[in-house]
Amino acid sequence: MFSKVLIANRGEIALRIIQACRELRLRTVLVHSQADAESLPVQFADEAVCIGPAPARESYLKIANIISAAEITGADAIHPGYGFLAENGHFAEVCEQCGICFIGPPAVAIRRMGDKVEARRLAEAEGVPVLPGSREPVRTPGAAREEAEKIGFPVILKAAAGGGGRGMRVVTAPEALEAALATAAAEAEAAFGDPGIYVERYLTEPRHVEIQVLLDGAGGGVHLGERDCSIQRRHQKLLEEAPSPGLSQALRQSMGEAALQVARAAGYQNAGTVEFLLDGSGHFYFMEMNTRIQVEHPVTEMVTGLDLVKLQIWLAAGERLPLRQDEVRLAGHSLECRITAEDPERFLPSAGTLTLFRPPGGPGVRVDTHAYTGYTIPPFYDSLLAKIIVHGRDREEAITRMRRALDETLIHGVKTTIPVHQALLLHPSFAAGRTSTRLLERLVQER
Amino acid sequence: MDLKELKALLRLMDSHDLEELEIEAGGRRVRLRRRAATPAGVPVALPASLPTAPAAQASPDESAGLLAVTAPMVGTFYRAPSPGAEPFVKEGDLVQKGSVLCIIEAMKLMNEIEAEAKGRIARILVANGQPVEFGQTLFLLGPA
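These figures come from a predicted structure and were not determined experimentally.

**Student:** What is the right way to look at the overall build of chain B in this model?
**Tutor:** Each helix and strand in chain B was counted, giving two helices and 10 strands. Tracing chain B from N to C terminus, the helices and strands come up as α-β-β-α-β-β-β-β-β-β-β-β. Taking all 144 residues of chain B together, the buried fraction comes to 25%. Long-range pairs, those at least 24 residues apart, make up 56% of the contacts in chain B with a sequence separation of at least 6.

Listed below in structure tokens is the structure:
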């Protein structure tokens, strides 16, 4: 086991990793920017090293300073958290070369799954369903028509060279294809300098369902069930739950096995998440694999009773998985709300100092946060303030509990997205379990 | 007196192994006295309200005409180009802009740290072989 773990991250996840290290009786070093010098994680870590000024590029992304900090403190392992360098294959390699254990998958697996095209190819080779799509970008109406006919309507046209919703067009009928291709290509050219367009099957009301996997270095691997992360705004998740209201036990098993298959084929180790889209008829399609611990990992922890961050450290230290697939038990239902410091009407960041921060408590409530009364939110990083997580014996109790928890959460000094979550939890579609990636959009339009 | 300045003074005490330090500059005075080491595991008591962004005020060093030379990277501080060699600078030395003041070793690379301005070395705040973090004050430079 390691003697000292360096945490190369900030905010709530830095605290989360410190918690796991504390319980494993490992010493902690936190590297931080000047803007975070007085933050809670810095206070709680055994040691702290300032690695640069506020901008992430010069601090949290500065590999040389992070490795140097590990060297001067004698840290023998680095936990990268999520974001920043967590999925940077080069960083994982540098750690390996410097004799510091990177708590996560091998660099080669990070690179393999980081390449989205390569990841899809790998999944297909394993017989895992992949969303039907063109293998190469199309550049003529004829090629587009051919692809679309093979794939089956409705299709979505997407810019090959970029994302963010630009160069995207949904085409429901073949007659509309040529015109849609022309505008999508023009947009793509303007935004990314490349008019190439991918054609992909379009799912009208898909669920985003992801499977948590854990693999050790001795061939052991388990899946820990799913998380439904369909509630998104502009591809940013707001609310997650486990289990998914859209999954039967049979589907859960198929998806779990598919996820493990993909992970094994990638040479994966440690904790990872395989993302799928689920259509209304119980068909699932591989989207991508996230080679890190995720923001929403707590909901899996609540239903399995496992500590995923401790398991990451455990596995990285060369230990074997402490449980078999038949020992994985899912109990009850968990929800997580990501509370961000944003204006709930227009989702613009709301900066400032928290004049009051009083998190909820009581039975079945967990809060992961680095915030406290008096904390000033630095403007340089993401606006995630707190994750409010609940567990209940079933979905109904979990929803009631979350509504209660949100009602007793007091955050003054900045605007937060709590009102959006409260509206969502009251929405009849959400209550009925009819979640999809379009639900939040519709709710926002209705208001 | 903000937290950053206090920390710099505490490091000064540490590096020179002082029991007590009293500084008076620019009309302000501070005295720091060391007691027996606290046992490991004593939790850090959070102040009632943690400071927000440090106010832009002149530190006592600057108001006394001293310029802080800070570490631009993380690593190990060395006063000389190699073990046993003469240090680059001593207290009292006059340096030019671009003079090498020290080395910070990071990831097996020796990085020479240069003076940004002409001046006289008033204080060396870090000991040879000591680890330093980004922004840590290494030297105080006085007028030439």
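**Student:** Even after reading the chapter, I still don't get the overall build of chain A, so can you show me in this structure?
**Tutor:** A tally of regular secondary structure across chain A gives 15 helices and 20 strands. Since a compact globule built from 447 residues should have a radius of gyration of about 22 Å, the 22 Å found for chain A is in line with a globular shape. Based on the C-alpha atoms only, the size of chain A along its principal axes is roughly 65 × 50 × 50 Å. For chain A, the residues scored as buried account for 51% of the 447 residues in total.

**Student:** Help me understand the domain arrangement of chain A, please; the structure alone is not making it clear to me.
**Tutor:** Accessible area lost upon the coming together of the parts serves often as the stated size of an interface. Once the domains are mapped, chain A shows domain 1 (4-103), domain 2 (141-201) and domain 3 (207-446). Distance from the C-alpha centre of domain 2 of chain A to the C-alpha centre of domain 3 of chain A: 32 Å.

**Student:** Help me out: how do you make sense of the sheet that holds strand E7 (residues 169-171) of chain A in this one?
**Tutor:** Think of a sheet as strands paired side by side through backbone hydrogen bonds, with each pair either parallel or antiparallel. All names here are of chain A. If you trace the three strands from one edge of the open sheet to the other, you get E7-E6-E8, paired in antiparallel fashion. Strands at the two margins of the open sheet, each flanked by one partner only, are E7 and strand E8 (197-201). Across the sheet, the mean angle separating the axes of adjacent strands is 25° when strand polarity is ignored. Bridge analysis of strand E6 (residues 155-159) against E7 gives three bridges, and the strand direction is antiparallel.

**Student:** Please clarify how helix H11 (residues 308-316) of chain A should be interpreted in this entry.
**Tutor:** In an α-helix, one turn spans 3.6 residues, which is why side chains three or four residues apart end up on the same side. Residues and elements named next belong to chain A. Across the nine residues of H11, seven count as buried, placing the element largely inside the fold. Buried-residue contacts for H11 involve strand E1 (4-7), helix H1 (11-23), strand E4 (77-79), strand E5 (101-102), strand E9 (207-215) and strand E12 (270-278). The first or second residue beyond H11 is Gly318, which carries a positive phi of 95°.

**Student:** Can you walk me through the pairing of strand E2 (residues 28-33) of chain B in this structure?
**Tutor:** Put simply, side chains in a regular strand alternate between the two faces of the sheet. Residue and element names in this part refer to chain B. E2 sits mainly on the outside: zero of its six residues count as buried. Bridge count between strand E1 (residues 20-25) and E2: six bridges; the pairing is antiparallel. Along E2, the bridge assignment pairs Ala25 with Arg28. Taken together, E1 and the strand that follows it, E2, pair antiparallel across an intervening segment of two residues, in which Gly26 is found at a positive phi of about 55°.

**Student:** Would you explain the nonpolar core in this entry?
**Tutor:** Where a protein is soluble and globular, its nonpolar side chains tend to be buried together. Residue and element names in this part refer to chain A. Core analysis: the biggest nonpolar cluster contains 111 residues, and Leu6, Ala69, Val262 and Phe276 have the highest contact counts within it. The leading source of residues in this core is H1, at seven residues. Contact partners of Leu6, with chain neighbours within four places excluded, come to Val29, Val31, Ala69, Ala70, Thr73, Ala75 and Ile78. Core analysis: the second largest hydrophobic core is formed by 33 residues, Cys337, Leu384, Met402 and Leu424 among them.

**Student:** What is the right way to look at the sheet that holds strand E2 (residues 27-33) of chain A in this model?
**Tutor:** Residue and element names in this part refer to chain A. Strand order in the open sheet formed by five strands is E3-E2-E1-E4-E5, with parallel pairing between adjacent strands. Of all the strands in the sheet, just strand E3 (47-52) and E5 have a single pairing partner and so form its edges. Inspection of the sheet shows E2 paired to E3 by five bridges, in the parallel sense. Paired with Leu30 across the bridge in E3 is Ala48. Each of E1, E2 and E4 is contacted by H1, which is oriented at about 170° to E1, the strand it contacts most. Against the sheet, helix H3 (residues 63-73) touches E1, E2, E3 and E4, its axis set at about 150° to E3.

**Student:** Got a minute to help me understand helix H7 (residues 141-151) of chain A in this structure?
**Tutor:** Residue and element names in this part refer to chain A. Among the residues of H7, Ala144, Glu147 and Ala148 are the ones counted as buried. Projection of H7 onto a plane perpendicular to its axis shows the buried side chains occupying an angular sector of 100°, all on one side. Of the exposed residues in H7, the ones pointing more than 90 degrees away from its buried face are Gly142 and Lys150. On its buried face, H7 is in contact with E6, helix H8 (177-192) and E8.

**Student:** Mind showing me how you'd approach the environment of Arg346 of chain A here?
**Tutor:** In this structure, Arg346 of chain A sits in the loop between strand E14 (333-340) and strand E15 (352-353). In the structure, Arg346 of chain A is positioned 104 residues away from Ala242 of chain A in sequence and 28 Å away in space, judged by C-alpha atoms.

**Student:** Help me understand the domain arrangement of chain B, please; the structure alone is not making it clear to me.
**Tutor:** Residue and element names in this part refer to chain B. Split by domain assignment, chain B resolves into domain 1 (1-35) and domain 2 (67-142). Between the C-alpha centres of domain 1 and domain 2 there is a distance of 21 Å. Facing four residues of domain 1, the contacting portion of domain 2 comprises four residues.

**Student:** How should I be thinking about the pairing of strand E11 (residues 236-242) of chain A in this particular structure?
**Tutor:** Residue and element names in this part refer to chain A. Of all seven residues making up E11, six are buried, and the element is well covered by its neighbours. By the bridge criterion, four bridges tie strand E10 (residues 221-233) to E11 in an arrangement that is antiparallel. Across the sheet, the residue bridging to Arg233 is Gln236, located in E11. Where E10 folds back onto E11 in an antiparallel hairpin, the turn is made up of two residues, including Arg234, whose phi is positive at roughly 50°. Bridge count between E11 and E14: four bridges; the pairing is antiparallel. Bridge pairing in E14 places Leu239 opposite Cys337.

**Student:** Just checking my understanding: could you explain the packing of helix H4 (residues 89-97) of chain A against helix H5 (residues 107-114) of chain A for this structure?
**Tutor:** All names here are of chain A. The interhelical angle for the contact between H4 and H5, taken along N-to-C directions, is 175°, at an axis separation of 8 Å. Judged by the angle between their axes, H4 and H5 are roughly antiparallel. Facing Gly89, Ala92, Glu93 and Glu96 of H4, the residues of H5 in contact are Ala107, Ile110, Arg111 and Gly114. For the contact of H4 with H5, the class distribution of residues is three nonpolar, two polar and three charged.

Cut-offs and rules
- Residues numbered from 1 in each chain as written.
- Chains lettered and ligands numbered in written order.
- Predicted model: local features only at pLDDT ≥ 70, side-chain atom pairs only at ≥ 80, totals over all residues.
- Helix = DSSP H or I, 4+ residues; strand = E, 2+ residues; numbered from the N terminus.
- Buried ≥ 20, exposed ≤ 12 C-beta atoms within 10 Å, placed from the backbone.
- Contact = placed C-beta atoms within 7 Å.
- Rg over C-alpha atoms; globule rule 2.2 N^0.38 Å.
- Domains from an automatic or database assignment.
- Pairing = 2+ DSSP bridges.
- Axes fitted to C-alpha atoms, helices over the stretch in contact; angles between N-to-C directions.
- Core = buried A, V, L, I, M, F, W, Y, C linked by C-beta atoms within 7 Å.
- Arc of directions from axis to C-beta.
- Parallel < 35°, antiparallel > 145°, perpendicular 65-115°, else oblique.
- Nonpolar A, V, L, I, M, F, W, Y, C, P; charged D, E, K, R; others polar.

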